[in-house]
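In case you want the letters, here they are:
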Amino acid sequence: MLARLRCPVCAEPLAAATDTRALRCPRRHTFDVARQGYVNLLTGRAPHVGDTAEMVAARADFLAAGHYDVISAALARAAATAVATAGAGVGAYPLVVEAGAGTGRHLAAVLAALPDAVGLALDVSKPALRRAARAHPRATAALADTWQRLPLADASTAVLLDVFAPRNGAEFRRVLHPAGALLVVTPTGGHLAELVDALDLLRVDPDKADRVAENLAGHFTQERATEHTARLRLTHDEVATLVGMGPSAWHTDPGRLTARIAALPAPIGVTASVRLTVWRPR
C-alpha cells in the first residue's frame, strides 16, 4: 500500500519515517499516523469535518444490521468482474480505493471478494477512519479530501468505489489504471420512497443519472448500469440513523423530524433502491 501513496503537497513518494510514527517524502513533508491506524494526508483545512463519532457509531450499527448489504454485494461482484477483465494489467496486488469510505464496510466486502487485493479508505471524518482502518486486514485508511489532489500515484488504482459520495472526475481518472474501473453508487427515484413524504425528506433529483454522466463523461466511458433493490424493516431508531446518513440531515428540523418518526408504524417497511454504474477510463 505504501508504494502507491504520494505526498499530497509535492506528489513525491512517501516512506515510513525512522524517527517518529509518521510518513515522510524526500522533501521532508511529514504526515502523522494516528494510533488508531489511519494516516493524516490532508493539506490545509477540510471544507467540513465529516460525520461525528455519534453519527459514525449509529451508521456502523445500521450497516452491521445488514440493511445495505445489497450495495456491498453488488460492488463486490462488479469489482471482481473488473479485476478479472483487467487481468495482470493492474498488478499482482490490485489496489481498491473507496472515496468517502465512512466506516469502510463496502470496501471490506470488496476486499473479501478479491483475495489478492489491498484497500485504502479515504474520508474527512476521523471517527469514521478509526473504524475503516480496521475494517479489513488488507485495508488501511487516510484522512483526505476528495476535492483535493488524491494522495495516490498516477494509474495506481485498479478499482475505485464511490458510494453516495462526491465525484472528482479528473482525480479519479488520474489515479485509475487504464485497465481499471470506477464503480459509482447513487440513489434511484424509489430510494427510501416510503420515508420521503412522511418525513419531508429531500427527493432524489430526477436528472441524477444525467448529472453523474455529465460529471464523469470527460474522463470516463460508462460500461454498464444496473439497479439493485432491497426491502428493509426498520425501527424508529434505525429510521433516524438512516435520515442522518443522507443529505436530508442538513435540511431537516431535528425536533420536527423526531415527532414525525414517532408517528410512523414500527417497524416500517422501507425500500432501498440504488443504481450502480461501471465506468472505464477514457
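Residues numbered from 1 in each chain as written. Predicted model: local features only at pLDDT ≥ 70, side-chain atom pairs only at ≥ 80, totals over all residues. Heavy atoms only, no water.

(A) Expanded view of helix H1 (residues 53-64). Given a rise of 1.5 Å per residue, twelve residues ought to cover 16 Å, and the 16 Å separating the end C-alpha atoms of H1 matches this to within 8%. Among the residues making up H1, those that are buried are Val56, Arg59, Ala60, Phe62 and Leu63. Buried residues of H1 fall within an arc of 165° about the axis and therefore sit on the same side. Across H1 from its buried face, at more than 90 degrees, point the exposed residues Glu54, Asp61 and Ala64. Looking at the buried side of H1, the elements it contacts are helix H2 (69-86), helix H3 (105-113), helix H4 (126-132), strand E10 (220-234) and helix H8 (236-244). The positive-phi residue at the C-terminal boundary of H1 is glycine 66, with phi of around 90°. (Helix = DSSP H or I, 4+ residues; strand = E, 2+ residues; numbered from the N terminus. Expected span 1.5 Å × (residues − 1). Buried < 20%, exposed > 50% of the residue type's maximum accessible area, 1.4 Å probe, protein only. Arc of directions from axis to C-beta. Contact = heavy atoms within 4.5 Å.)

(B) Representation of the pattern of salt bridges within the structure. Taken as a whole, this structure holds eleven salt bridges when the rule is applied. Where aspartate 19 meets arginine 24, a salt bridge forms, and the shortest distance between an N and an O atom there is 3.1 Å. Looking at aspartate 19, the relative accessible area reads 55%, which means it is exposed. Two residues, arginine 174 and aspartate 154, come together in a salt bridge whose shortest N-O distance is 2.7 Å. Linking arginine 174 in helix H5 (residues 169-175) with aspartate 154 in the loop between strand E7 (139-143) and strand E8 (157-163), this pair joins segments that are 20 residues apart in sequence. By relative accessible area, which is 16% here, arginine 174 ends up buried. Overlapping salt bridges, with partners in common, bring together Asp154, Glu171 and Arg174 in one network. (Salt bridge = Lys/Arg side-chain N within 4 Å of Asp/Glu carboxyl O.)

(C) Expanded view of the sheet that holds E8. Read from one edge of the open sheet, eight strands run E4-E7-E6-E5-E8-E9-E11-E10, paired in mixed fashion. Since the sheet does not close on itself, it has two edges, and those belong to strand E4 (39-40) and E10, each with one partner. The pairing of E4 with E7 spans two bridges and is parallel. Residue pairing for E7: asparagine 40 is matched across the bridge by leucine 143. The strands touched by H8 are E10 and strand E11 (268-281); relative to E10, the strand with the most contacts, the crossing angle is about 155°. (Pairing = 2+ DSSP bridges. Axes fitted to C-alpha atoms, helices over the stretch in contact; angles between N-to-C directions.)

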